[in-house]
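Observations on the model geometry
Residues per chain, in single letters:
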Amino acid sequence: MTEQRTRGRRVAVVGGSIAGCAAALAARRAGADAVTLYERAPGRLGERGMGVAVHAARYAELAAAGYLDAAIPWVQMERRHWYVRDAACPDPLGRRIAGMDFPFRTYNWGSLWHELRGRMPAGTEVRSGTPVTAVVRDGDRAEVRTAAGAESYDLVVGADGHRSVVRGAAFAEVAPRFAGYPAWRGAFPAERLPDAERWPVGSCAYVVFPGGHLIVYRIPSGPADPAGHRVNWVLYTAPSTGLTRAPGDPDAHEDTLDAARCEQLARFADAYLPPYWATLLKTTARAELAVQTLYDFTAPRYTAGPLLLLGDAATVARPHTGAGAVKALQDASALERALTGTAELGAALDAYDGERAPTGRTLVDLGRRLGDALVSRTPDWSALDQQGLEEWWQRADGSGAFGGGQLRR
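What counts and how
- Residues numbered from 1 in each chain as written.
- Predicted model: local features only at pLDDT ≥ 70, side-chain atom pairs only at ≥ 80, totals over all residues.
- Heavy atoms only, no water.
- Helix = DSSP H or I, 4+ residues; strand = E, 2+ residues; numbered from the N terminus.
- Buried < 20%, exposed > 50% of the residue type's maximum accessible area, 1.4 Å probe, protein only.
- Contact = heavy atoms within 4.5 Å.
- Areas by Shrake-Rupley, 256 points an atom, 1.4 Å probe, with all protein chains shown as cover.
- Lys, Arg positive; Asp, Glu negative; His and termini not counted.
- Charge placed at Lys NZ, Arg CZ, Asp CG, Glu CD.
- Pairing = 2+ DSSP bridges.
- Axes fitted to C-alpha atoms, helices over the stretch in contact; angles between N-to-C directions.
- Left-handed = near helix turned anticlockwise from the far one by under 90°.
- Nonpolar A, V, L, I, M, F, W, Y, C, P; charged D, E, K, R; others polar.
- Phe/Tyr/Trp six-rings, centres within 6.5 Å; stacked < 30°, edge-to-face > 60°.
- Salt bridge = Lys/Arg side-chain N within 4 Å of Asp/Glu carboxyl O.
- Parallel < 35°, antiparallel > 145°, perpendicular 65-115°, else oblique.

1. Thoughts on the overall build of the protein
Scanning the protein from terminus to terminus reveals 9 helices and 20 strands. Seen through its C-alpha atoms, the protein measures out along the principal axes to roughly 70 × 45 × 40 Å. Taking all 409 residues of the protein together, 56% fall into the buried category. When contacts within the protein are restricted to residue pairs at least 6 apart in sequence, long-range pairs at least 24 apart make up 75% of them. Surface summary for the protein: the accessible area is close to 16,300 Å², and the carbon and sulfur share equals 49%. With 47 positive and 46 negative side-chain charges, the protein shows a spacing of 1 Å between the two charge centroids.

As structure tokens, then:
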């Protein structure tokens, strides 16, 4: 067992989502005497019901590191099938052009958060409903400011997402860059799934069309019903399809859907998707829909003095990478390892940056490359067969980082 090196230090974690809970767990395991977690939202976050996918190899590494385990509800994926709309094909799922192994576990975001929050060691102070207004460096310490006042810490971990206050204090010049298209998301109880027997539980569907694609898979229902399933889907479309506004339009970054936009989504589904998947989208109720604005960026370093960045505060890669939650948990594991493996805090932070910053750059590059291949410059999908699609995918995922890179031990 490596000697714990951070004993006696006070650590603040800004942000209380999956990344923040994992960071607080890492700091306590590394021996910090006091860990305070600041979360701007009041109450608990576990009601979010969208999907998270974790590659089987990454799961094994994170389980060995103590950040995931079999007690957290999941659905096992086995194959990824690619479908295109084809008027000559009688199958309502569309014409299947290829199938690939897809060794992923899928999770409900809320269930994953609920489990991580529940595993934070006793003594971790959680301040819900406490937005951090500023973080100010003061020599080898940093001050966290809220409406209630200011407190000084030896280390401040920014796990506060793409609009991170901590990153703003460390690297004010780094700003999220709009990807040029959003992700439309939906999730609903599997009991409402039409003709459920047509689509096996362990199958992930990639439904492709000119200018985008739809991904569909099942996830656990949530903390209240871990045995049940929800149907989770994500739709990416280029502005050329007419569904997504161009980046320069005033409301290109909208976060909610009004009735008119829901009707537009339904018309889009009928025009671009095979019947089964079009019906699936239209089965999603308005309250179950969301639009996620996509950004990509990475900080030049993951540390700056007593400030450290983790998860989306450090790097946001487009969701095509299949590695968002994985990277946040890997960051936490690397933080724990760095803090326990080096006696001097500055050296530990340098070690963390040296390991995780290159991973961030790799994922941003992969997300842009996959976005180009899957949305902005799609091939003639209908002309591809099994071999053609496998060759296309190998070119798109040139680094082999889909699902996240290998975690160091």
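2. What about the sheet that holds strand 3 (residues 51-55)?
Strand-to-strand pairing in sheets goes through backbone hydrogen bonds, with the strands running parallel or antiparallel. In spatial order, the strands read 3-7-4; together these 3 strands make up an open sheet with antiparallel pairing. Across the chains shown, the open sheet's two edge strands, defined by having one partner strand only, are strand 3 and strand 4 (75-76). Where strand 4 and strand 7 (residues 104-108) come together, 2 bridges link them in antiparallel fashion. Paired with Q76 across the bridge in strand 7 is R105. The sheet contacts of helix 2 (residues 56-65) involve strand 3 and strand 7, and relative to strand 3 the element is tilted by about 85 degrees.

3. Comments concerning the pairing of strand 3
Strand 3 sits mainly inside the fold: 5 of its 5 residues count as buried. Across the two faces of strand 3 the burial is the same, with G51, A53 and H55 and V52 and V54 all buried.

4. Concerning unusual backbone geometry
A positive phi angle, near 50 degrees, is found at D195, a position not held by glycine. As for its placement among the helices and strands, D195 is situated in the loop between strand 13 (177-189) and strand 14 (203-209). Given a relative accessible area of 43%, D195 falls into the partly exposed group.

5. Looking at the packing of helix 2 against helix 7 (residues 324-341)
Two elements in contact, helix 2 and helix 7, have axes whose closest approach is 11 Å; the angle formed by their N-to-C orientations is 35 degrees. The two elements helix 2 and helix 7 cross, and the hand of that crossing is left-handed. Residues R58, E61, L62 and A65 of helix 2 form the contact with helix 7, whose participating residues are V326, L329, Q330, S333 and E336. Classifying every residue of the contact of helix 2 with helix 7 by side-chain character gives 4 nonpolar, 2 polar and 3 charged.

6. So, the packing of aromatic side chains
Aromatic rings in a pair are described by how distant their centres are and how their planes are angled relative to each other. Tallied over the full model, the rule gives 17 aromatic pairs. The interplanar angle of 90 degrees and the centroid separation of 6.4 Å between the aromatic rings of Y38 and Y153 together place this pair among those described as edge-to-face. In this pair, Y38 sits in strand 2 (residues 34-39) while Y153 sits in strand 11 (residues 149-153), placing the two residues 115 residues apart along the sequence. Taken individually, Y38 and Y153 each receive the classification buried, so the pair is uniform in this respect. A centroid spacing of 5.1 Å and a plane angle of 90 degrees characterise the contact between W393 and F402, whose relative ring orientation is edge-to-face. In this structure an aromatic cluster arises from ring pairing among W82, F102, F104, Y206, W381, W392, W393 and F402.

7. Quick notes on the pattern of salt bridges
Counted under the stated rule, the structure contains 23 salt bridges. With its nearest N and O atoms 3.7 Å apart, the salt bridge here joins D296 to R177. Here D296 is found in strand 17 (residues 289-298), whereas its partner R177 is found in strand 13, with 119 residues between them in sequence. According to the relative accessible area criterion, D296 is buried, its value standing at 1%. The class for R177 is partly exposed, based on a relative accessible area of 45%.

8. What to know about the packing of helix 7 against helix 8 (residues 345-376)
Relative orientation of the contacting elements helix 7 and helix 8 amounts to 155 degrees, with a least axis distance of 8 Å. Looking at the two axes, helix 7 sits roughly antiparallel to helix 8. Judged by the twist between their axes, the crossing of helix 7 over helix 8 is right-handed. Contacts from K327, Q330, D331, A334, L335, R337, A338 and L339 in helix 7 reach L345, A348, A351, Y352, E355, R356, G360 and L363 in helix 8. Taken together, the residues of the contact of helix 7 with helix 8 sort by class into 9 nonpolar, 2 polar and 5 charged.

What is shown is where atoms sit, not what they do.
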